[in-house]
Amino acid sequence: RCLAFVYARKLTESVCRDVKAILLKAGRQDLIARVDSYRGGYDADLRRNLEGRLASGEVSCLVCTSALEMGIDVGDLDATVHVGVPETAAAMWQQAGR
């Protein structure tokens, strides 16, 4: 499982959509439902639902902004992906430390 960090809320949906299109083109329809997005602006219930789906393994890749709160239990992660470069080194380490 992984988190893919993007720097802007608009990018969460576009990167998520692009990843799903790539999976579809590669014939991996089985993975499309396991990719989702997470950003500020989603209501609290939706965010908690996404966090739970990631922690349970139902979601394998969550494209997110730094709105993914520190301290939530998302379970074990295999990787963090950084699309773009955060403004500060501290922000990058904070994201990688998830």
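As shown above, the structure is provided for reference.
My aim in this report is to walk through the structure given alongside it, one point at a time. Here the structure is a predicted model, which means the values were calculated and not measured. (Residues numbered from 1 in each chain as written. Predicted model: local features only at pLDDT ≥ 70, side-chain atom pairs only at ≥ 80, totals over all residues. Heavy atoms only, no water.)

## Some words on the overall build of the protein chain
- Across its full length, the protein chain holds four helices and four strands.
- For the protein chain, the α and β elements follow one another from N to C terminus as β-α-α-β-α-β-β-α.
- Out of the 98 residues in the protein chain, the part that is buried amounts to 36%.
- Once local pairs closer than 6 in sequence are excluded, the contacts in the protein chain between residues at least 24 apart make up 66%.
- Total accessible area on the protein chain stands at roughly 5800 Å², and carbon and sulfur atoms take up 55% of it. (Helix = DSSP H or I, 4+ residues; strand = E, 2+ residues; numbered from the N terminus. Buried < 20%, exposed > 50% of the residue type's maximum accessible area, 1.4 Å probe, protein only. Contact = heavy atoms within 4.5 Å. Areas by Shrake-Rupley, 256 points an atom, 1.4 Å probe, with all protein chains shown as cover.)

## Observations concerning the pairing of strand 3 (residues 61-64)
- Neither face of strand 3 is exposed, since Cys61 and Val63 on one face and Leu62 and Cys64 on the opposite face are all buried.
- As paired elements, strand 1 (residues 2-5) and strand 3 share four bridges and run parallel to each other. Looking at strand 3, one finds that Cys2 is bridged to Cys61.
- In this structure, strand 2 (residues 35-38) lies alongside strand 3, joined through four bridges in parallel fashion. By the bridge assignment, Asp36 is partnered in strand 3 with Leu62. (Pairing = 2+ DSSP bridges.)

## Notes on the side chain of Arg39
- Secondary-structure assignment places Arg39 in the loop between strand 2 and helix 3 (44-56).
- At 2.8 Å, the side chain of Arg39 and the side chain of Glu13 are in polar contact.
- The residues touching Arg39, leaving out its near neighbours within four places in the chain, are Arg9, Thr12, Glu13, Arg47, Thr65 and Ala67. (Polar contact = N/O pair within 3.5 Å; in protein donor to acceptor, adjacent residues only side chain to side chain.)

## Quick look at the environment of Glu58
- Within the secondary structure, Glu58 is located in the loop between helix 3 and strand 3.
- Taking C-alpha positions, Glu58 is 8.5 Å from Ala33, a pair spaced 25 residues apart along the chain.
- Those residues within four positions of Glu58 in sequence are excluded, and the remaining contacts are Ala33, Arg34 and Arg53.

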